[in-house]
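If you want the building blocks of each chain, they are given just below.
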Amino acid sequence: MPSSSKAASNSKNDFSQGSIIKNILGLALPMTLAQLINVLYNIVDRIYIGRIPGHATMALTGLGLCLPIISMVIAFANLFGMGGAPLCSIERGRGNDEEAEAIMGNSFIMMILCGLALTVLGLIFKRPMLYLFGASDATIPYADSYVTIYLLGSVFVMVGLGMNSFINSQGFGRIGMLTVLLGAVSNIILDPIFIFVLGLGVQGAAWATIISQGLSALWIVRFLTGDQTILKLQKRAFRLKKQRVMDIIGLGLSGFTMSITNCSVQIMYNASLARFGGDLYVGIMTVINSVREIISLPVNGITNSAQPVMGYNYGAGEYRRVKRAIVFMSAVSIVYTTIVWSLVHGFPEFFIRIFNQDADLVTAGIPAMQIYYFGFFMMSLQFAGQAVFVALGKSKNAVFFSIFRKVIIVIPLILILPNLFGLGTNGIFMAEPVSNFIGGIACFGTMLCTVWPELGKDV
């Protein structure tokens, strides 16, 4: 890119200028739409699979058993994407574009290497893992069929999810949205063709997903090697430097830990629900996870879009603007999650029927949904506090609170509560709201006590 053109792009995406709210919202809309479209990769699969004639519930349950493995792949994408992108924002705020490009190049290579390793290891250990995750003889054929094909596309998933963070961190939210739009539209078109027309069932859903992810990955590489981008993906940035990689991993551990702990929680939920409620309740958990992916999108969008803005201003020494971003992001997150909680609590059947029409699943799923999402607004405090720690490069705090809520609170409660007072499956679902209250308050409160004073008194 010519120097004059690059300077113009930097000026256009200078987050230290103009309204901080406008800067965040300028990224929030396309980023949220991009995440919505990205979620469609898996959500559309579940909607179609939930309508396969004759064995929809078993097929949907089998797909739900694959979610921990899918989360593992996403975790490694987050490790290098969410680790490298904020560092790029900070270096770009300091005017050090060369180092920012090196961070992006090192992240890209690590995604490729880890994607290949996950494919090999996943294919070797898939069946033992699926049984560990709660699979039964009735559901294992569906789970095995889907995950085998999905693992073959791990590299595409890694690049498609991880590298899109580097597009968004430069302020190209619209391009980031178009990136996932390409893949999602392809998935929506291919799913019914592979599942129903070609009669491939869950295998068809997997093929549609990895082909679509492959298209997104190719689009991303094309943009980041083209003339429109500010930071360019080029060979000289591919040379791995130990300290740089460690810095990326150190900051990315937050997103990685969140995904891995989510994976661990999914495993515990499925295994415990299989024990206390059988395959039906594993299917209910699949629906609950699917609903969660949808309703969490806007709050994820606002917190993720605030990260590059906060990181850039933090790197530029504009601390008052960082504080304004924190206030706006937190307020919007709390208001939104309060509204969506009331909707899910009041109309649980509507959300369940999006994914499955089975009468038994709907009947048992209604109280399960209401318990699981109780006090969902407290989760916004976790989202907001986590976003601030990541944006400002405070990886230790971000990692700790990822572990604290899921590993220290949720997993023990999943094991303990169903055995108390005959709670059974209700006790398992209760673990989530309890952790939201404790974890949310702890994370947000710590952020206010540690980060806020560092940024000065004025807002």
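Up top you'll find the structure we're talking about.
From a predicted model like this one, the values you see are computed outputs, not experimental measurements. (Residues numbered from 1 in each chain as written. Predicted model: local features only at pLDDT ≥ 70, side-chain atom pairs only at ≥ 80, totals over all residues. Heavy atoms only, no water.)

Asks: Would you explain the overall build of the protein in this entry?
Replies: Assigned secondary structure in the protein consists of 19 helices and 0 strands. Scaling as 2.2 N^0.38, a compact globule of 459 residues should have a C-alpha radius of gyration of about 23 Å, and the protein matches this with 21 Å. With the C-alpha coordinates aligned to their principal axes, the bounding extent of the protein is approximately 60 × 50 × 35 Å. The buried share of the protein, reckoned over its 459 residues, is 58%. At a minimum sequence separation of 6, the contacts of the protein that also span at least 24 residues come to 83%. For the protein, the accessible surface area stands at approximately 17400 Å², while carbon and sulfur atoms represent 67% of it. Of the charged side chains in the protein, 30 are positive and 21 negative; the average position of the first set lies 7 Å away from that of the second. (Helix = DSSP H or I, 4+ residues; strand = E, 2+ residues; numbered from the N terminus. Rg over C-alpha atoms; globule rule 2.2 N^0.38 Å. Buried < 20%, exposed > 50% of the residue type's maximum accessible area, 1.4 Å probe, protein only. Contact = heavy atoms within 4.5 Å. Areas by Shrake-Rupley, 256 points an atom, 1.4 Å probe, with all protein chains shown as cover. Lys, Arg positive; Asp, Glu negative; His and termini not counted. Charge placed at Lys NZ, Arg CZ, Asp CG, Glu CD.)

Asks: Explain the nonpolar core to me, please; I cannot follow it from the model alone.
Replies: Side chains of a nonpolar character, in soluble globular proteins, are inclined to be buried together. Of all hydrophobic cores here, the largest spans 72 residues; its most connected members are Tyr269, Ile288, Met310, Tyr373, Leu392 and Phe429. Considering every element that reaches this core, the biggest residue donor is helix H17 (residues 379–391), with 9 residues. Those residues in contact with phenylalanine 429, other than ones at most four positions away along the chain, are Tyr269, Leu273, Tyr281, Ile284, Met285, Ile288, Ala368, Ile371 and Tyr372. The next biggest cluster of nonpolar side chains, apart from the first, holds 64 residues, and it includes Cys114, Ile149, Val157 and Ile267. (Core = buried A, V, L, I, M, F, W, Y, C linked by side-chain atoms within 4.5 Å.)

Asks: Can you help me understand the environment of alanine 206 in this one?
Replies: Within the secondary structure, alanine 206 is located in helix H10 (residues 202–224). Taking the C-alpha atoms as reference, alanine 206 lies 41 Å from valine 327; in sequence the two are 121 residues apart. The contact partners of alanine 206, leaving out residues within four places of it in the chain, are Tyr146, Ile149 and Tyr150.

Asks: Looking at this model, I keep getting lost on the pattern of salt bridges. Mind explaining?
Replies: Where charged atoms from two side chains of opposite charge approach closely, those side chains can pair. Considering all chains together, one arrives at 11 salt bridges under this definition. Look at the salt bridges and you will find they share partners, linking Lys126, Arg127 and Asp144 into a network. (Salt bridge = Lys/Arg side-chain N within 4 Å of Asp/Glu carboxyl O.)

Asks: How should I be thinking about helix H12 (residues 279–295) in this particular structure?
Replies: For an α-helix, the turn length of 3.6 residues means that residues three or four places apart are oriented alike. Given a rise of 1.5 Å per residue, 17 residues ought to cover 24 Å, and the 25 Å separating the end C-alpha atoms of H12 matches this to within 8%. Here H12 lies mainly inside the structure; 13 of its 17 residues are buried. (Expected span 1.5 Å × (residues − 1).)

Asks: Got a minute to help me understand the side chain of asparagine 270 in this structure?
Replies: Take asparagine 270: it is sitting in helix H11 (residues 242–276). Sequence-distant contacts of asparagine 270, that is, excluding residues within four places in its chain, are made with Gly64, Leu65, Pro68, Phe133, Gly134, Val282 and Met285.

Asks: For this particular structure, what's the right way to read the packing of helix H13 (residues 297–315) against helix H14 (residues 319–346)?
Replies: Their axes nearest at 9 Å, the elements H13 and H14 cross at an angle of 175 degrees. With respect to each other, H13 and H14 are oriented roughly antiparallel. In this structure, H13 uses Pro298, Val299, Ile302, Thr303, Ala306, Met310, Asn313 and Tyr314 to contact H14, whose residues at the interface are Tyr319, Arg321, Val322, Ala325, Ile326, Phe328, Met329, Val332, Ser333, Tyr336 and Thr337. (Axes fitted to C-alpha atoms, helices over the stretch in contact; angles between N-to-C directions. Parallel < 35°, antiparallel > 145°, perpendicular 65-115°, else oblique.)

Asks: Explanation requested: the packing of H17 against helix H18 (residues 395–416) in the structure shown.
Replies: Between two packed helices, both the angle of their axes relative to each other and the distance between the axes serve to describe the pair. Where H17 contacts H18, the two axes come as close as 8 Å, and the packing angle between them is 155 degrees. Relative to H18, the element H17 lies roughly antiparallel. In contact with Met379, Gln382, Gln386, Phe389 and Val390 of H17, H18 contributes Asn397, Ala398, Val399, Phe401, Ser402 and Arg405. Of the residues that constitute the contact of H17 with H18, the class distribution is 6 nonpolar, 4 polar and 1 charged. (Nonpolar A, V, L, I, M, F, W, Y, C, P; charged D, E, K, R; others polar.)

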